[in-house]
Amino acid sequence: MKIAIIGAGIAGVTTAWELARDGHQVTVYERRNAAAEEASFAHPGLLATATVCGSDPSALPWMIGRQLLARHRSACLALPLRGAELSWLWQAWREGGTNERARHHGRLLELARYGQQRLHAIRTELELHFDHSQGLLLLARAEREWIQLQQRAAQLREHGVACREIGADEARLLEPALHPGTALHGALHLPQDEAGNCRQFALLLKNEALRQGVRFVFGTEVRGIEPGAPVRLHHAPALSREPAAAASHDAVVLCAGADAATLLRPLGLKLPLLPLHGYSVSAAVREPLNAPRSAVLDERYQVTIARLGQRVRVGGLWQIGGSAQSLRPQALGTLYKVLQDWFPGAAVLSGGIQSWQGVRPTLPDGLPALGPSGLPGLWLNLGHANHGWTLGCGAARILADQLAGHAPACDTAGLEPARLLG
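Now for a quick tour of the structure. Note that this is a predicted model, so its numbers are computed, not measured. (Residues numbered from 1 in each chain as written. Predicted model: local features only at pLDDT ≥ 70, side-chain atom pairs only at ≥ 80, totals over all residues. Heavy atoms only, no water.)

Secondary structure summary: the protein contains ten helices and 19 strands in total. Relative to the compact-globule value of 22 Å for 422 residues, the protein shows a C-alpha radius of gyration of 21 Å, a close match. Over its C-alpha atoms, taken along the principal directions, the protein stretches across nearly 65 × 45 × 45 Å. When burial is assessed residue by residue, the protein has 57% of its 422 residues classed as buried. Sequence separation of at least 24 residues holds for 75% of the intrachain contacts in the protein that already meet a minimum separation of 6. Carbon and sulfur atoms make up 51% of the accessible area of the protein, which totals about 16900 Å². Taken as two groups, the 41 positive and 36 negative side-chain charges of the protein have centres that lie 5 Å from each other. (Helix = DSSP H or I, 4+ residues; strand = E, 2+ residues; numbered from the N terminus. Rg over C-alpha atoms; globule rule 2.2 N^0.38 Å. Buried < 20%, exposed > 50% of the residue type's maximum accessible area, 1.4 Å probe, protein only. Contact = heavy atoms within 4.5 Å. Areas by Shrake-Rupley, 256 points an atom, 1.4 Å probe, with all protein chains shown as cover. Lys, Arg positive; Asp, Glu negative; His and termini not counted. Charge placed at Lys NZ, Arg CZ, Asp CG, Glu CD.)

With that settled, the discussion passes to unusual backbone geometry. For the bond from leucine 79 to proline 80, the omega torsion is 0°, close enough to zero to count as cis. Residue placement: proline 80 occurs in the loop between strand 4 (75–78) and helix 3 (83–96). Backbone torsion omega between alanine 229 and proline 230 reads 10°, so that peptide bond is classified as cis. Structurally, proline 230 can be placed in the loop between strand 9 (220–226) and strand 10 (231–237). Although it is not a glycine, leucine 239 adopts a positive phi angle of roughly 65°.

Looking now at the nonpolar core. Formed by 69 residues in total, the largest nonpolar core has its most connected members in Leu156, Phe201 and Val253. Each residue touching valine 253, except ones within four places of it in the same chain, is listed here: Ile3, Ala4, Ile5, Ile6, Thr15, Leu19, Trp379, Asn381, Leu399 and Leu403. (Core = buried A, V, L, I, M, F, W, Y, C linked by side-chain atoms within 4.5 Å.)

Honestly, that's just the spatial picture; any functional story needs more than this.
Here's what the structure looks like:
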């Protein structure tokens, strides 16, 4: 088949490689001038099952309300705030009141485990080498967070995820650089979770996709889709006023992240996809003995600190509203606080720091939209929230199997786009 993919982030690149490996003729359209330039660019780095049931969109309204006056927050509102964002918050809150939350978490956990398996298989098959570290510690500063971690551990074990609750002393043995002056009530250790450089992996896999014959069309914006047999795409150079050219394909896979809703709306498909903002800072390791060996997550602030080669990356925050072009000093301040609390002296903070704000395209139920759109020839692989790096390889293989008419290796019940498209 002749297949087009819209978007060259981690979802688009992994999907392109899987489809090309199956023998399809694949073209990827990307408005940026390189792959992984947006949500995948400075991703916090976690490849983790533990976080897929820890960051629940239905909890965001409560988190925002509880932390409204706090100096350091894990979630916040920012101006300008639009009606669509308030409507999304209402939908997310309603999702939390259903009996489906446990099933949603189970589906995400299954997809996360499959995603890790596929990533390991790809890494081994292609001999890809990227910044990577093994193991994850979830840190509880006080008893309240410790209770939350124990509840999550029970949920993870129910789905066969290896994890164990450990005391502060054992946590400090696993991560000797943890600052002794910061209170640590306990930790949850996940030896099979990991951290890695999402952009590095995406660029390496893009090169492998090129060898498979994939054609990447960078600097090109898709302005419209005409479903049918064939599907027609209208595209033009990004940020130009040139008339759009048309290209025909047997199928189109939409991996455009936050912009997907804009492309679907003229087709009569209303996807409640919200671009939640997240932040990260990356800095060179100053002293290896003072830096993390792998990755930790501060349960109170939902901030991760990961060792990625010779750099430390700190990431987190859920921000609703605001502009994607403006870094919020308060958000960055929270990242620096958590870094200093746990690993003071680990990173060079006097210069050469990369500060980044990206979007996490998120649906109200927290699940991705994966599969046929209901319109001829149009498929979706998007809405992975902050789990795109964890879910990406698995979702790409599932999509390729669906397109080929094969039963995926992972259960996709509940992930169908039809559940949300109006």
